[in-house]
Each structure stands twice: as C-alpha cells, then as structure tokens.
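Architecture at a glance
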Amino acid sequence: VQLVESGGGLVQPEGSLRLSCAASGFTFSWYTMNWYRQAPGKERELVATVTIGGGGTNYADSVKGRFTISRDNAKNTVYLQMNSLKPEDTAEYYCNTRVAARSYWGQGTQVTVSS
C-alpha cells in the first residue's frame, strides 16, 4: 500500500487549496479513505472521511462547510478541497486508509495559512 499526498503550500487566510492523495497497492474502490492533520504540539486529528462509493462523507466540526472530501475511483485518488482557510488550519495533512486491519499513512503535505 502506498499513499502519496500533494497540493500543500502557503496560502493567505480565506484562501483555498486542494490536496490530492494518489493510492496504489490495493483495490482503492473497496476502502474508506480519510484525511487527518497534525499541528505542531497537537495530536493528529481526523479531518474528513469518504466511504467506498463516495456518497458518504463525514467531517470534523472545525472544517464543516469549508472542506470537501471526494474520491475518483478511476484514478485511485482522494481529494480534500479546502476553502476559507484559517490560520488554525495550519498543519501537516495526511492521507489514511485501513486495509486488512492495518492502518496506512502517506508522508504528509504541509499546509500553512498565514498572511
């Protein structure tokens, strides 16, 4: 299983970014996909989840209405569209899935929200 995130960067408050996570090594369409984030000095937190068909999504309260998770099973890719970004969204963002009772993580992509 390999998960590779991209799309992070520096953005001003109220700006937008779209993160991507390219997956390989497993049957992507069979598994729920997650985005987590970890800010310095804080625990890693679940940001968003998308179910296998893409029709079921869940979000942390802190990002509801601003972030959208989606997936393209033909491209083995999961996305996180982040709008109206706030400085408190600054964190390393990680793609995650659980296959055969084991959790897999990407290397992370840094998102920094600052003026």
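Residues numbered from 1 in each chain as written. Predicted model: local features only at pLDDT ≥ 70, side-chain atom pairs only at ≥ 80, totals over all residues. Heavy atoms only, no water.

**Focus: the overall build of the protein**
- Tallying secondary structure elements over the protein gives zero helices and 11 strands in all.
- Computed over C-alpha atoms, the radius of gyration of the protein comes to 13 Å, within 12% of the 13 Å expected from 2.2 N^0.38 for 115 residues, which places it in the range of a compact globule.
- The dimensions of the protein, computed from C-alpha atoms along their principal axes, are 40 × 25 × 20 Å.
- The buried share among the 115 residues of the protein stands at 41%.
- In the protein, the share of contacts with a sequence separation of at least 24, taken over all contacts with a separation of at least 6, comes to 51%.
- Within the structure as shown, the protein displays about 6,000 Å² of accessible surface, and the carbon and sulfur contribution to it stands at 46%. (Helix = DSSP H or I, 4+ residues; strand = E, 2+ residues; numbered from the N terminus. Rg over C-alpha atoms; globule rule 2.2 N^0.38 Å. Buried < 20%, exposed > 50% of the residue type's maximum accessible area, 1.4 Å probe, protein only. Contact = heavy atoms within 4.5 Å. Areas by Shrake-Rupley, 256 points an atom, 1.4 Å probe, with all protein chains shown as cover.)

**Considerations on the state of the cysteines**
- Tallied over the entire structure, the rule returns one disulfide.
- Disulfide partner of Cys-21: Cys-95, at an S-S distance of 2.2 Å. Its S-S torsion of approximately -85° makes the covalent link between Cys-21 and Cys-95 left-handed. Taken together, the positions of Cys-21 in strand S3 (residues 17-24) and Cys-95 in strand S9 (residues 91-99) put the pair 74 residues apart, joining distant regions of the chain.
- Taking relative accessible area as the criterion, Cys-95 reaches 0% and is therefore assigned buried. (Disulfide = S-S within 2.5 Å.)

**Things to note about the packing of aromatic side chains**
- Scanning the model with the defined rule gives four aromatic pairs in all.
- Ring geometry for Phe-26 against Phe-28: centres 6.3 Å apart, planes inclined by 55°, an arrangement best described as tilted. Across the pair, exposure class does not vary: Phe-26 and Phe-28 are buried alike.
- Ring geometry for Tyr-36 versus Trp-105: centroids 4.8 Å apart, planes at 65°, classification edge-to-face. On the criterion of sequence distance, the pair formed by Tyr-36 in strand S4 (residues 33-38) and Trp-105 in strand S10 (residues 102-105) is long-range, its members being 69 residues apart.
- Residue classification places Trp-105 among the partly exposed positions, given a relative accessible area of 35%.
- By way of ring pairs, the aromatic residues Phe-26, Phe-28 and Tyr-31 are connected into one cluster.
- A cation over a ring is seen here: Arg-44 above Tyr-94, with NZ or CZ 3.9 Å from the ring centre.
- Sitting above the plane of the Trp-105 ring, Arg-44 keeps its charged end 4.5 Å from the centroid. (Phe/Tyr/Trp six-rings, centres within 6.5 Å; stacked < 30°, edge-to-face > 60°. Lys NZ or Arg CZ within 6 Å of the ring centre and 35° of its normal.)

**Concerning the environment of Ser-29**
- Positionally, Ser-29 belongs in the loop between S3 and S4.
- Under the relative-accessibility criterion, Ser-29 is labelled partly exposed at 30%.
- Sequence spacing of Ser-29 and Ser-62 is 33 residues, and the spatial spacing of their C-alpha atoms is 27 Å.
- Sequence-distant contacts of Ser-29, that is, excluding residues within four places in its chain, are made with Ile-52, Arg-71 and Asn-73.

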